[in-house]
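So you can see what is in the structure, the chains are spelled out below.
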Amino acid sequence: MDEKVKFEMEFPIHASPQLLYQYISTPSGLSEWFAENVNSRGELFKFIWDGTEEQAKLVSKKSGERIKFKWLADEEDPYYFEIRIQVDEITKDVSIIVIDFAEEDEVDESKMLWENQIADLKQVLGSA
């Protein structure tokens, strides 16, 4: 298997960190924008798109700040994806930072996927 490369993206977003955290950390919030349906049993999250199912383990979270998942398919590897809420101390502007991994020839595609996902999130939040 090819080594995956880490990439990071930042998206300015007009929403309170508390509201945003609900959308990135709960099955009901995630199913509004990230996947068609999301179920969880404890630390195990099941994401469903077009009848395809992917499972991820909740690795860590910090209330109001960030959530980190690891796809079960990558369990043996150091790969994960993290969604972090960042608030600028001076301007109070809110951004979402996405950290993810993709195979080198798929980084652009993965970034485009995240751009679309975050666009959906902004639409749900009414901040598009």
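The rules we used
- Residues numbered from 1 in each chain as written.
- Predicted model: local features only at pLDDT ≥ 70, side-chain atom pairs only at ≥ 80, totals over all residues.
- Heavy atoms only, no water.
- Pairing = 2+ DSSP bridges.
- Helix = DSSP H or I, 4+ residues; strand = E, 2+ residues; numbered from the N terminus.
- Axes fitted to C-alpha atoms, helices over the stretch in contact; angles between N-to-C directions.
- Contact = heavy atoms within 4.5 Å.
- Phe/Tyr/Trp six-rings, centres within 6.5 Å; stacked < 30°, edge-to-face > 60°.
- Buried < 20%, exposed > 50% of the residue type's maximum accessible area, 1.4 Å probe, protein only.

The antiparallel open sheet is built from 7 strands, whose spatial order is E1-E7-E6-E5-E4-E3-E2. Single-partner strands in this sheet number two, and they are strand E1 (4–13) and strand E2 (37–41). Strand-to-strand twist in this sheet, taken as the mean axis angle between neighbours without regard to direction, amounts to 25 degrees. Both E2 and strand E3 (residues 44–49) contribute to a ladder of 5 bridges, which runs antiparallel. Bridging from a neighbouring strand, Asn 39 pairs with Lys 46 of E3. Helix H3 (residues 107–125) contacts E1, E3, strand E6 (81–87) and strand E7 (94–103) of the sheet and is inclined by roughly 25 degrees relative to E1.

A separate point is the packing of aromatic side chains. For any two aromatic rings, the description comes down to two numbers: the centre-to-centre distance and the angle of the planes. Tallied over the full model, the rule gives 16 aromatic pairs. Measuring from ring centre to ring centre gives 5.7 Å for Phe 34 and Trp 49, while their planes differ by 65 degrees; the resulting arrangement is edge-to-face. Taken together, the positions of Phe 34 in the loop between helix H2 (27–33) and E2 and Trp 49 in strand E3 put the pair 15 residues apart, joining distant regions of the chain. The exposure class of Trp 49 is partly exposed, given its relative accessible area of 25%. With 6.3 Å between their ring centres and 20 degrees between their planes, Phe 45 and Phe 47 make a pair best called stacked.

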